[in-house]
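# Structure assessment
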Amino acid sequence: MGQWKEHLVNGIVSLVLSVAITVWMADDDDGPWDLSDMALAAGISGFFSGLFTSYFAK
């Protein structure tokens, strides 16, 4: 069970970094999407990227 905690932590770290960088770099005129929509998409993508990368790298 300890390995799953490590994979979840890696997913959460990726989520936080993805959302923070997306919000930091976004302009108000980036297109028809809301900043919250972009942050949500980046967060979901970042979480699963970190989780699965950590899981399959072992």
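This text follows the structure it describes.
What counts and what doesn't
Residues numbered from 1 in each chain as written. Predicted model: local features only at pLDDT ≥ 70, side-chain atom pairs only at ≥ 80, totals over all residues. Heavy atoms only, no water. Helix = DSSP H or I, 4+ residues; strand = E, 2+ residues; numbered from the N terminus. Expected span 1.5 Å × (residues − 1). Buried < 20%, exposed > 50% of the residue type's maximum accessible area, 1.4 Å probe, protein only. Contact = heavy atoms within 4.5 Å.

Another aspect to go through is helix H2 (residues 35-57). Spanning 23 residues, H2 covers 32 Å between terminal C-alpha atoms, matching the ideal 33 Å at 1.5 Å per step. What H2 keeps buried is the set Ala39, Ala42, Gly43, Gly46, Phe47, Gly50, Leu51 and Ser54. Where H2 is buried, its residues meet helix H1 (2-25).

Counting through the fold element by element, Ala41 comes out in helix H2. Since its relative accessible area comes to 47%, Ala41 is described here as partly exposed. Ala41 sits 22 residues away from Val19 along the chain, and the two C-alpha atoms are 8.6 Å apart.

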